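Structure at a glance
If you want the building blocks of each chain, they are given just below.
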Amino acid sequence: MNDADRNVALELTFAGGLAVSGAALLLGLVLSQEPLLRLGVLALIATPALATVTLALGLAARRDWLFAAISLWVLLVLASSLTVALRS
Amino acid sequence: MASTPALLFLTGAATGLVGSLLGLGGGVLLVPLLTLALGVPIRTAIAASLMSVIASASASASVNLRRGLVNIRLGLVLEVATSVGGLAGGLASSLLSERALYAAFGVVMAVMGAAMALRSGTRNVISDLSVDTGRLGGRLQEGAHTFVYRVKRLPLGLFASLVAGAVSGLLGVGGGIVKVPVLNAFCGIPIRVAAATSTFMIGVTAAASAILYYARGDVALPLTAAICIGSLPASLLGARLSDRVHARSLKVLMALVLAAVALQMGVKAL
């Protein structure tokens, strides 16, 4: 996977996450449906996390181990936040 | 003041547009607008702001990646410092008085605003394409012209990212308000690349905090939805417009935003 392919994968991840989130938020607002609003909010929060996973995989595929490791560090921070959130 | 969905939509759109143009995410503008103008409680405003920052950052990133403006390696290196700063900010929040925090932030913003204004005519690009840009430097395409840039004073960039993370954790803003001016004025990064790279990473920074606010029940769902629905298309528009706006105009706009934020923080500190 070259840099251009990795960037396309990232673009698709962002676009997909925003499409799901935007549609759920809009429908949830119009129909006054709390479950849809929750889905929209959670899909939005998950989008940067999924992009970071895509980035880590793209860097690992290029054997760019230093930056793949940095991506994993960022994921670790996100996972720590999720752990704290689930415990609270 | 009653906040109708239409008003919240417009607020999200306005802050998303400016935020994506300047790489700020818009939180630094949204929190004061929601609290001071619309009477939204501060915790609800911060939670909505973090969600809007994620929406704006993700929308802008999809456009900026295609245009080759995002320096992913630099963004990742800076994110390490930002994430540590975020943790430190969370820990320090109980030790600092609110007034001291506002005063320190206001002074930093005023200094950065002055630096941006003074350097608004300076470009960080190199026309000689044979120059070694190092592992973190890159290329920038502007119309028919291709330029390169080198990263200078990386430790300062890392320190700014550390501060940005702390500010993000403490005030619910993306941190771009600290990163972009430092990267542009002191680290040799062109303003468009600084804004795009900052935007790419502040979504991640904001997501780490947003999940905590969501778990605590601070995310007001209809209010947040209206703001994010406004922010999404406006951020896409801002990212596309940034290509057509002159770099100097972006720097002047950034200087004005910094001055406004510094003034607001100064008033709160008094």
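**Brief notes about the overall build of chain B**
When you go through chain B residue by residue, the secondary structure sums to ten helices and two strands. Starting at the N terminus and walking to the C terminus, you meet the elements of chain B as α-α-α-α-α-β-β-α-α-α-α-α. Of all intrachain contacts in chain B linking residues separated by at least 6 positions in sequence, the fraction that spans at least 24 positions is 77%. Taken as a whole, chain B presents about 10,200 Å² of accessible surface, with 67% of it coming from carbon and sulfur.

**Points about the packing of helix H2 (residues 34-61) of chain A against helix H9 (residues 221-241) of chain B**
At a minimum axis distance of 10 Å, the contact between H2 of chain A and H9 of chain B shows a crossing angle of 55°. As judged from the angle between their axes, H2 of chain A and H9 of chain B are oblique. Classified by chirality, the crossing of H9 of chain B by H2 of chain A is left-handed. Contacts between H2 of chain A and H9 of chain B involve Glu34, Leu37, Arg38, Val41 and Leu44 of chain A from the former and Leu221, Pro222, Ala225 and Cys228 of chain B from the latter.

**Quick word on the pairing of strand E1 (residues 138-142) of chain B**
All names here are of chain B. Only one face of E1 is buried: it carries Gly138, Leu140 and Glu142, and the other face, with Arg139 and Gln141, is open. Taken together, the five bridges between E1 and strand E2 (residues 145-149) define a ladder with antiparallel strand orientation. Looking at the pairing, Glu142 lines up with His145 of E2. In sequence, E1 turns back onto E2 through a hairpin of two residues, with Gly143 there showing a positive phi of about 65°.

**Let's talk about the pattern of salt bridges**
Where charged atoms from two side chains of opposite charge come close, those side chains can pair. All names here are of chain A. Tallied over the entire structure, the rule returns five salt bridges over all chains. For Arg38, the salt bridge goes to Glu34, with nearest N and O atoms at 2.9 Å. Of this pair, Arg38 and Glu34 both sit in helix H2, separated by four residues, roughly a single helical turn.

**Quick word on the confidence of the model for chain A**
For chain A, the average pLDDT comes to 91, and 100% of its residues sit at 70 or higher. Confidence, read as mean pLDDT per element, is least for helix H3 (residues 65-87) of chain A in chain A (87) and greatest for H2 of chain A (94).

**Focus: the interface of chain A and chain B**
On the side of chain B, 37 residues touch chain A, which itself brings 37 residues to the contact. For the chain A face of the interface with chain B, the top three residues by lost area are Glu11, Ile45 and Phe67 of chain A, together amounting to 17%. Across the pair Arg73 of chain B and Asp64 of chain A runs a salt bridge whose closest N-O atoms are separated by 2.6 Å. At the boundary of chain A and chain B, one finds four residue pairs in polar contact (both at pLDDT 80 or more). Secondary structure elements with two or more residues in the side of chain A that touches chain B: helix H1 (3-31), H2 and H3 of chain A.

**Remarks on the side chain of Thr47 of chain A**
By secondary structure assignment, the location of Thr47 of chain A is in helix H2. For Thr47 of chain A, a relative accessible area of 1% corresponds to the buried category. With near-sequence residues (within four places) excluded, Thr47 of chain A lies in contact with Thr13, Phe14, Gly17 and Leu18 of chain A together with Ser58 of chain B.

**So, the environment of Ala60 of chain A**
Residue and element names in this part refer to chain A. If you trace the backbone, Ala60 turns up in helix H2. For Ala60 and Gly16, which are 44 residues apart along the polypeptide, the C-alpha to C-alpha distance reads 22 Å. Among all residues touching Ala60, those that are not within four sequence positions of it are Trp65 and Ala68.

**Let's talk about the environment of Asn184 of chain B**
Residue and element names in this part refer to chain B. Position of Asn184 relative to the elements: it lies in helix H7 (residues 176-185). With relative accessibility at 2%, the residue Asn184 sits in the buried group. Sequence separation between Asn184 and Ala194 is ten residues; the distance between their C-alpha atoms is 6.2 Å. Engagement of the side chain of Asn184 in a polar contact is seen with the backbone oxygen of Ile189, the distance being 3.0 Å.

**With respect to a nonpolar patch on the surface**
A contiguous nonpolar surface patch, about 520 Å² in accessible area, is contributed by Trp73 and Leu76 of chain A together with Val84, Leu156, Phe159 and Leu162 of chain B. Put simply, the parts of the chain that give the nonpolar patch at least two residues each are H3 of chain A together with helix H6 (154-171) of chain B. Per element, the largest residue contribution to the nonpolar patch is three residues, and it comes from H6 of chain B. Relative to the helices and strands, Trp73 of chain A resides in helix H3. Judged by its relative accessible area of 34%, Trp73 of chain A is partly exposed.

So, how was this worked out
- Residues numbered from 1 in each chain as written.
- Chains lettered and ligands numbered in written order.
- Predicted model: local features only at pLDDT ≥ 70, side-chain atom pairs only at ≥ 80, totals over all residues.
- Heavy atoms only, no water.
- Helix = DSSP H or I, 4+ residues; strand = E, 2+ residues; numbered from the N terminus.
- Contact = heavy atoms within 4.5 Å.
- Areas by Shrake-Rupley, 256 points an atom, 1.4 Å probe, with all protein chains shown as cover.
- Axes fitted to C-alpha atoms, helices over the stretch in contact; angles between N-to-C directions.
- Parallel < 35°, antiparallel > 145°, perpendicular 65-115°, else oblique.
- Left-handed = near helix turned anticlockwise from the far one by under 90°.
- Buried < 20%, exposed > 50% of the residue type's maximum accessible area, 1.4 Å probe, protein only.
- Pairing = 2+ DSSP bridges.
- Salt bridge = Lys/Arg side-chain N within 4 Å of Asp/Glu carboxyl O.
- pLDDT = per-residue confidence, 0-100.
- Buried area = accessible area lost by both parts, 1.4 Å probe.
- Polar contact = N/O pair within 3.5 Å; in protein donor to acceptor, adjacent residues only side chain to side chain.
- Patch = residues over 30% accessible without salt bridge, like charges linked within 9 Å, V, L, I, M, F, W, Y side chains within 5 Å.

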